[in-house]
Amino acid sequence: MPTTKTKIGNFEFENCFMNAAGVFCYDRNELEQVINSEAGTFVTKTATLQSRSGNPEPRYHDTALGSINSMGLPNLGFDYYLDYLLELQKTHPDRTFFFSLVGMSTEDTHALLKKVQESDFSGITELNLSCPNVPGKPQIAYDLETTEKLLTDIFSYFKKPLGVKLPPYFDIVHFDQAAAVFNKFPLTFINCINSIGNGLVIEDESVVIKPKNGFGGIGGEYIKPTALANVHAFYKRLNPSIKIIGTGGVLTGQDAFEHILCGASMVQIGTTLHKEGPAAFERITNELKAIMDKKGYKTIEDFRGKLKYL
Ligand SMILES: O=C1NC(=O)NC(C(=O)O)N1
């Protein structure tokens with residue numbers, strides 16, 4: 001029977017699936033459901049220094065082909081998630097979890113990461129450089145000069161495993177430029193992609209979410225081609241030591257197979273998890289294993305990154 005186990009940095013995971021930050025990860029109740037599912041691990045909701053109520057509702061809307069959201073980083077605050085992660089290190093010493101975070105300012109980001117560095121947290125940190133939904137705040141990783149400066153400063157003091165959650169890029173030159181920046185740093189991973197920022201969904205004559213006159217991040221089937229392109233573009237450009245997490249448009253085992261074929265070592269599920277709940281992990285894992293079995297692949301390394309060209 002094929003295995004879908006995987007490795008990120010020095011950490012091994014029994015399954016290459018996990019939630020995408022923002023989905024099923026707001027509090028202990030949701031995170032516990034992911035722990036007890038077939039998922040190999042979880043990532044917390046992106047934590048900020050202080051708790052945030054986020055944007056006005058309605059701020060999330062499912063559509064036939066995916067979702068639109070403008071949550072605005074609602075979260076229970078850094079200390080809530082750190083406390084829970086430290087508790088899990090005692091109750092689940094054999095598991096490794098991801099901690100998503102970002103500051104509302106550069107100073108806050110450094111304050112957060114210094115707290116992680118000084119803490120007993122022994123998991124993996126995902127720095128969210130791509131939230132499109134905080135009014136007035138840009139998606140950081142679209143500014144490569146700022147991103148390079150931020151990572152330079154971070155790696156002067158942060159010595160634990162760190163990856164970055166990236167927005168989608170849409171230009172080959174931008175893939176080249178972004179990869180050149182990321183290759184300068186000892187990143188454990190990059191995560192492609194966050195939602196495609198500032199889309200608009202209309203029903204009848206109205207937008208469907210309240211914040212920003214209806215503009216929000218797009219997820220689901222709409223974004224798989226862009227997600228796959230970002231995973232593969234960076235897979236081809238980054239030092240092999242920087243692993244790729246693939247996020248975006250995963251509804252089935254076939255979608256996950258394609259992310260891994262493009263180079264992903266881990267696959268995150270967002271919109272589908274929001275719609276279906278944690279049972280989606282078992283379904284999609286079984287679908288991927290059936291595809292691997294049919295093709296004679298025993299592990300994901302047998303086909304990871306081996307996308308064929310014409
Ligand atoms: O990084 C994020 N991406 C999203 O699509 N939404 C959330 C949010 O708005 O909190 N954050």
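Just so it is clear, the model here is predicted, and its values are computed rather than measured. (Residues numbered from 1 in each chain as written. Predicted model: local features only at pLDDT ≥ 70, side-chain atom pairs only at ≥ 80, totals over all residues. Heavy atoms only, no water.)

Trainee: Before we go on, may I ask you to explain the overall build of the chain in this structure?
Mentor: Secondary structure summary: the chain contains nine helices and 15 strands in total. The globule rule puts the C-alpha radius of gyration for 310 residues at 19 Å, and the 18 Å found for the chain is close to it. Along the longest, intermediate and shortest principal axes, the C-alpha atoms of the chain span 50 × 50 × 45 Å. Put simply, the chain has 310 residues, and 56% of those count as buried. Nonlocal contacts in the chain, meaning residues at least 24 apart in sequence, comprise 74% of its contacts between residues at least 6 apart. Surface summary for the chain: the accessible area is close to 13300 Å², and the carbon and sulfur share equals 52%. Distance from the positive charge centre (31 side chains) to the negative charge centre (35 side chains) of the chain: 5 Å. (Helix = DSSP H or I, 4+ residues; strand = E, 2+ residues; numbered from the N terminus. Rg over C-alpha atoms; globule rule 2.2 N^0.38 Å. Buried < 20%, exposed > 50% of the residue type's maximum accessible area, 1.4 Å probe, protein only. Contact = heavy atoms within 4.5 Å. Areas by Shrake-Rupley, 256 points an atom, 1.4 Å probe, with all protein chains shown as cover. Lys, Arg positive; Asp, Glu negative; His and termini not counted. Charge placed at Lys NZ, Arg CZ, Asp CG, Glu CD.)

Trainee: Even after reading the chapter, I still don't get the site of the ligand, so can you show me in this structure?
Mentor: In the vicinity of the ligand, the residues found are Lys45, Asn69, Met71, Gly72, Leu73, Pro74, Asn128, Cys131, Pro132, Asn133, Asn194 and Ser195. Separating an oxygen atom of the ligand from a side-chain N or O atom of lysine 45 is a distance of 2.9 Å. Contacts to the ligand include leucine 73, whose backbone N or O atom sits 2.7 Å from an oxygen atom. Here the ligand, which alone exposes 290 Å², has 92% of that area covered by the protein. Classifying every residue of the shell around the ligand by side-chain character gives five nonpolar, six polar and one charged. (Near = heavy atom within 4 Å. Polar contact = N/O pair within 3.5 Å; in protein donor to acceptor, adjacent residues only side chain to side chain. Nonpolar A, V, L, I, M, F, W, Y, C, P; charged D, E, K, R; others polar.)

Trainee: Just checking my understanding: could you explain the pairing of strand β14 (residues 243-247) for this structure?
Mentor: Successive residues of a regular strand alternate their side chains across the two faces of the sheet. A large share of β14 lies buried, amounting to four of its five residues. Pairing analysis gives three bridges linking β14 to strand β15 (residues 266-269), with the strands arranged parallel. Across the sheet, the residue bridging to glycine 246 is valine 267, located in β15. Crossover β14 to β15 through helix α7 (residues 253-261) is right-handed. (Pairing = 2+ DSSP bridges. Right-handed = clockwise from strand over helix to strand, strands pointing away.)

Trainee: Would you take a moment to explain the side chain of threonine 285 for this structure?
Mentor: The topology assignment puts threonine 285 in helix α9 (residues 279-295). One polar contact links threonine 285 to asparagine 15, side chain to side chain, over a distance of 2.9 Å. Beyond its immediate chain neighbours, meaning those up to four positions away, threonine 285 contacts Thr4, Asn15 and Phe17.

Trainee: Quick question: what am I supposed to make of α9 here?
Mentor: Because an α-helix completes one turn every 3.6 residues, residues spaced three or four positions apart along the sequence face the same direction. Its 17 residues give α9 an end-to-end C-alpha distance of 25 Å, which sits within 8% of 24 Å, the value for a rise of 1.5 Å per residue. The set of residues buried in α9 consists of Ala280, Phe281, Ile284, Thr285, Leu288, Ile291 and Met292. For α9, the buried positions fall inside an angular range of 125 degrees around the axis, keeping them on one side. The outward face of α9, more than 90 degrees from its buried face, is lined by the exposed residues Ala279 and Lys294. On the buried face of α9, the contacting elements are β3 (17-19), α1 (28-35), α7, β15 and α8 (271-276). (Expected span 1.5 Å × (residues − 1). Arc of directions from axis to C-beta.)

Trainee: Looking at this structure, how should I read the sheet that holds strand β8 (residues 162-166)?
Mentor: Through backbone hydrogen bonds, the strands of a sheet pair up, either in parallel or in antiparallel fashion. With respect to topology, seven strands assemble into an open sheet ordered β3-β15-β14-β9-β8-β7-β6, the strand pairing being parallel. Looking at which strands have only one partner, the edges of the open sheet turn out to be β3 and β6 (98-101). The mean angle between the axes of side-by-side strands here comes to 25 degrees, regardless of whether they run parallel or antiparallel. Bridge analysis of β6 against strand β7 (residues 124-128) gives four bridges, and the strand direction is parallel. Within β7, the position partnered with leucine 101 by the bridge is leucine 127. On top of the sheet, α7 reaches β3, β14 and β15; it is set at about 140 degrees to β15, its chief contact. (Axes fitted to C-alpha atoms, helices over the stretch in contact; angles between N-to-C directions.)

Trainee: Explanation requested: the packing of aromatic side chains in the structure shown.
Mentor: Where two aromatic rings form a pair, the distance of their centres and the angle of their planes describe that pair. Inspection of every chain in the model, using the stated rule, returns 14 aromatic pairs. Consider the rings of phenylalanine 98 and phenylalanine 189, whose centres lie 5.6 Å apart with planes at 70 degrees: the pair is edge-to-face. Remark: phenylalanine 189 occurs in strand β9 (residues 189-192) and phenylalanine 98 occurs in strand β6; sequence separation between them is 91 residues. The exposure classification of phenylalanine 98 matches that of phenylalanine 189, with both residues buried. (Phe/Tyr/Trp six-rings, centres within 6.5 Å; stacked < 30°, edge-to-face > 60°.)

Trainee: Would you mind going over the sheet that holds strand β13 (residues 215-220) with me for this structure?
Mentor: Read from one edge to the other, the open sheet built from four strands follows the order β4-β5-β13-β10, with strand pairing classed as antiparallel. In this open sheet, the two edge strands, each paired with only one partner strand, are β4 (60-63) and β10 (196-200). In this sheet, adjacent strand axes meet at a mean angle of 40 degrees when their direction is disregarded.

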